[in-house]
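# Secondary and tertiary structure notes
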Amino acid sequence: MAKSNIQIARRDVLRAAGLGAVAVAASSVLPSESFATPAKADALLKKLTGGAAAKSGRVTIKLPEIAENGRTVPLSVTVDSPMTSKDYVKAIHVLSEGNPTPAVASFNLSASSGKAAVSTRIRLGKTQNVIAAAVMNDGSVYVAKKKIKVTIGGCGG
Amino acid sequence: MAKKPRVKVPSSAKKGEVIQIKTLAPHKMETGRRKSKGKLVPRMIINKFVAKFNGKEVFSTDMHPAISANPYFSFYTKVSESGTFEFSWTDDKGKTVKASRKITVK
């Protein structure tokens, strides 16, 4: 059944050469899901941080070099900040460049957090970069990136 | 979320001390990408965790399927008075599970 559809679609593609026809033919053979890319992660980062220019420094990502099990990878993010009412971290966003979707988690802190340090466990589908972005109370954004090798991916469950 | 979440909060602290809180919620965190018996298991995760102290939010997390099963979080908060922490976990259906802990601050 599928073969004849593709053959008919190919004929249509050759005749029509329209993008729509190609898309229909392509979607019937390619996998239905697409993975995140650095570009998608970057777009999400801009959305989460309000587009402020990303500065380097202040943010430290703690991740193992190699994740034996991609289903549960320990992650810690610390941000160098006095955490006073005048200078504190409002949010820490964690993004993935290589998972099916780039969003991982957003941590919302306050001036009374005392310390800008969060830990959790995440799923990683494959070897990739993990991004952590800290948004300060004045709107400034600091970003760090860390690469991690994943031996067995953890997105399929 | 039938099982109770586990929370580690010190029972007492000094005024102005920054304490660490650890939380663990038993939950499969179905990503929506897992197949069981040939069928895709629909997504069902805890997507929000909120920690309040004496009614005021002190920490919260917006979570996505990339958070591992049995979501674990560790964070810090400065305490200046005695009171009660209230923790809540909300899933995609809007169901919320809560836990609370008291702390004495001198």
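The structure presented is a predicted model; accordingly, all values stated were derived computationally and were not measured. (Residues numbered from 1 in each chain as written. Chains lettered and ligands numbered in written order. Predicted model: local features only at pLDDT ≥ 70, side-chain atom pairs only at ≥ 80, totals over all residues. Heavy atoms only, no water.)

Moving on, we come to the overall build of chain A. A tally of regular secondary structure across chain A gives three helices and nine strands. The order of α-helices and β-strands along chain A, N terminus first, is α-α-α-β-β-β-β-β-β-β-β-β. Looking at chain A as a whole, 41% of its 157 residues qualify as buried. Long-range pairs, those at least 24 residues apart, make up 64% of the contacts in chain A with a sequence separation of at least 6. Of the roughly 8400 Å² that chain A leaves accessible, carbon and sulfur atoms contribute 57%. (Helix = DSSP H or I, 4+ residues; strand = E, 2+ residues; numbered from the N terminus. Buried < 20%, exposed > 50% of the residue type's maximum accessible area, 1.4 Å probe, protein only. Contact = heavy atoms within 4.5 Å. Areas by Shrake-Rupley, 256 points an atom, 1.4 Å probe, with all protein chains shown as cover.)

Turning our eyes to something else, we now look at the overall build of chain B. The helix and strand inventory of chain B stands at zero helices and 10 strands. Listing every helix and strand of chain B by position from the N terminus yields β-β-β-β-β-β-β-β-β-β. Counting only C-alpha atoms, chain B reaches 60 × 20 × 20 Å along its principal axes. Taking all contacts inside chain B whose residues are at least 6 apart in sequence as the whole, residues at least 24 apart take part in 57%. With the model as given, the accessible surface of chain B reaches about 5900 Å², and the carbon-plus-sulfur share is 48%. In chain B, the 24 positive side-chain charges and the 8 negative ones have mean positions that sit 6 Å from each other. (Lys, Arg positive; Asp, Glu negative; His and termini not counted. Charge placed at Lys NZ, Arg CZ, Asp CG, Glu CD.)

This part takes up the pattern of salt bridges. Residues and elements named next belong to chain B. Enumeration over the complete set of coordinates arrives at six salt bridges over all chains. Between Glu-30 and Arg-34 there is a salt bridge, with the nearest N and O atoms lying 2.6 Å from each other. Under the relative-accessibility criterion, Glu-30 is labelled buried at 10%. Of the charged contacts in the structure, one is a salt bridge between Arg-43 and Asp-92, with a shortest N-O distance of 2.9 Å. Within this pair, whereas Arg-43 is found in the loop between strand S5 (39–40) and strand S6 (46–53), its partner Asp-92 is found in the loop between strand S9 (83–91) and strand S10 (96–105), the two being separated by 49 residues in sequence. Of the residues examined, Arg-43 reaches a relative accessible area of 38% and is grouped as partly exposed. When its relative accessible area of 30% is taken as the criterion, Asp-92 is described as partly exposed. (Salt bridge = Lys/Arg side-chain N within 4 Å of Asp/Glu carboxyl O.)

Before going further, it helps to spend a moment on the environment of Gln128(A). Residues and elements named next belong to chain A. Along the chain, Gln-128 turns up in strand S8 (residues 128–136). Judged by relative accessible area, Gln-128 falls into the buried class, the value being 5%. Measuring from C-alpha to C-alpha, the distance between Gln-128 and Gly-98 comes to 5.4 Å, with 30 residues separating the pair along the chain. Setting aside its immediate chain neighbours within four residues, Gln-128 contacts Ser-96, Glu-97, Gly-98, Asn-99, Lys-146, Lys-147 and Ile-148. Here Glu-97 takes part through its backbone nitrogen, which lies 3.3 Å from a polar atom of the side chain of Gln-128. (Polar contact = N/O pair within 3.5 Å; in protein donor to acceptor, adjacent residues only side chain to side chain.)

Read these as spatial facts, not as claims about activity.
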